[in-house]
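Architecture and fold: a report
So you can see what is in the structure, the chains are spelled out below.
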Amino acid sequence: MDINVINDHKELENLRIKYLGKKGLIAHQINLLKHLPLVERKRFGKIINNVKHYIYTKINNKKIFLDDLLINKNISLNNLDLSLPGRRSNIGSMHPITSTIYYIERFFNSLGFDILSGGFELEDQYHNFDALNIPIYHPARNVQDTFWFDSNFLLRTQTSNMQIHEIKKNKFPIRMIISGKVYRKDSDKTHSPMFHQVEGLVIDKNVNFSNLKWVISNFLNDFFKKNIEIRFRSSYFPFTVLSCEVDIKSSDGSWLEVLGCGIVHPNILKRFNINSKLYSGFAFGIGVERIIMLYYGIKDLRCFFKNDIKFLSQFKKNRYF
């Protein structure tokens, strides 16, 4: 059939199937190539590909022509006025959690941190607990706090599990930042069963607590766009020593906790045969929803997950881009 005499989409589709379908003429010719010697197979294979491309182009051009005919026919039959302005559509915006993660990643990338992908949300207890010095009797292991699949696998409770995966690669220095979802059995105005964390890890020679304080202080001042009062308050995490909670001073004079950090515990390095006298490091974890709530004065964390257009539309003019 001559493609020039085709005047509707159904005939054109039949022609396409005849030549380019799975059981079409081109497919049949390609199947016959296996019976030819290698030299002839290459020569005829190139010819067939050229013919295939030619047929595809002719059919595609014909389809565009028929589409235009159909559009013009509908315009003339329905008396459409193409000069009328189109309906306006509401343009969406990036979710504040996503844009905040991008902002954090860009900041730390400017300091030389590598940005890693989201990592393992389904984790085994070794990477989530054991390798991080979290003992068997720790309350975080209880079924009341953690989503367990069986006696070994769980939904990770923190992005700190990625510290272990990176350290195991034994490639130094390490300067990494990674974001992702974490899961805990907790739900109220300031807690959610699923939330987002950003994990940072640095391991190198001559890394100390002063380096950690400099990085965290610069990040918080950059994020909140002002010189804020910061304090490092002694705390406890099984996988760091020294360990600190970092607080910022609010406008009413009260202190608000924003993140946790510390020096990587020597036992973690020794566990993977890393000389803790030569290498040291620091780690920190940032709760994404928490710092957004502090910045914007949002009181209920659950607003982020309701998909309320009135709430989300406030972030169209995004400060991060």
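Residue indices begin from 1 for each chain and proceed along its sequence in written order. Residues qualify for local features only when their pLDDT is at least 70, as the model is predicted, and side-chain atom pairs are given and counted only at 80 or more; totals for whole chains, interfaces and linings, by contrast, use all residues. Heavy atoms from the whole structure form the basis of all side-chain values; hydrogens and water molecules are not counted.

Bringing the overall build of the chain into the picture now. Elements are defined by DSSP. Helices are runs of H or I of four residues or more, strands are runs of E of two residues or more, and each kind is numbered from the N terminus. Assigned secondary structure in the chain consists of ten helices and nine strands. Over its C-alpha atoms the chain spans a radius of gyration of 30 Å, topping by over 25% the 20 Å that the globule rule assigns to 321 residues. C-alpha atoms of the chain, sized along the principal axes, occupy 85 × 60 × 40 Å. Any residue under 20% of the maximum accessible area for its type is buried, any over 50% is exposed, and the rest in between are partly exposed; the area is computed with a 1.4 Å probe on protein chains only. Buried positions account for 38% of the 321 residues belonging to the chain. By the convention used here, residues are in contact when the closest approach between their heavy atoms is within 4.5 Å. A sequence separation of at least 24 residues applies to 64% of the contacts in the chain between residues at least 6 apart. Total accessible area on the chain stands at roughly 19,500 Å², and carbon and sulfur atoms take up 54% of it. Residues scored as charged are limited to Lys and Arg (positive) and Asp and Glu (negative), so that His and the chain ends carry no count. Charge positions come from single atoms, namely NZ of Lys, CZ of Arg, CG of Asp or CD of Glu. Between the mean site of the 46 positive side-chain charges and the mean site of the 30 negative ones, the chain shows a separation of 5 Å. In this description the radius of gyration comes from C-alpha coordinates, and the expected globular size is given by 2.2 Å times residues to the power 0.38. All accessibility values rest on the Shrake-Rupley procedure with a 1.4 Å probe; residue burial counts only the protein chains present in the view.

A few words now on the environment of R175. Considering the arrangement of structural elements, one finds R175 in strand 4 (residues 174-183). Taking relative accessible area as the criterion, R175 reaches 33% and is therefore assigned partly exposed. Sequence separation between R175 and D114 is 61 residues, and the spatial gap between their C-alpha atoms is 6.0 Å. R175 has contacts with G112, F113, D114, L201, V202 and D204, leaving out every residue within four places of it along the chain. Polar contacts, as counted here, are pairs of nitrogen or oxygen atoms within 3.5 Å of one another; within protein the pair requires one atom able to donate a hydrogen and one able to accept it, and residues that are adjacent in sequence qualify only if both atoms are side-chain atoms. Reaching out from R175, the side chain makes a polar contact with the side chain of D204 at a distance of 2.9 Å.

With their axes 11 Å apart at the nearest point, helix 4 (residues 96-110) and helix 7 (residues 209-223) run at an angle of 135° to one another. Overall, the two elements helix 4 and helix 7 adopt an arrangement that is oblique. As helix 4 runs across helix 7, the sense of the crossing is right-handed. Facing helix 4, whose interface residues are T100, Y103, I104, F107 and F108, helix 7 presents V215, N218, F219, D222 and F223. Throughout, an axis means a line fitted to C-alpha atoms (over the contacting stretch in the case of helices), and angles, computed between N-to-C directions, take values from 0 to 180 degrees. Just so you know how the angles are binned, under 35 degrees is roughly parallel, over 145 roughly antiparallel, 65 to 115 roughly perpendicular, and the rest oblique. Whether a crossing is left-handed or right-handed is set by the direction in which the near helix is turned from the far one by less than a right angle, anticlockwise for left-handed and clockwise for right-handed.

The next point concerns unusual backbone geometry. The step from F172 to P173 runs through a cis peptide bond, and the omega angle for that step is 0°. For the bond running from V241 to L242, omega is 0°, close enough to zero to count as cis. If you trace the backbone, L242 turns up in strand 7 (residues 240-249). The residue N133 is not glycine, and still its phi comes out positive at about 65°. With respect to the helices and strands, N133 occurs in the loop between helix 5 (125-128) and strand 3 (153-155). Of note, the phi angle at N273 is positive, near 55°, even though the residue is not glycine.

Put plainly, two cysteines are in a disulfide when a covalent bond ties their sulfur atoms together. Note on disulfides: each one is a pair of cysteine sulfur atoms within 2.5 Å. Counted under the stated rule, the structure contains zero disulfides. The structure places no disulfide on C244, whose sulfur is separated from the nearest cysteine sulfur, that of C261, by 5.3 Å. Residue classification places C244 among the buried residues on the basis of a relative accessible area of 7%.

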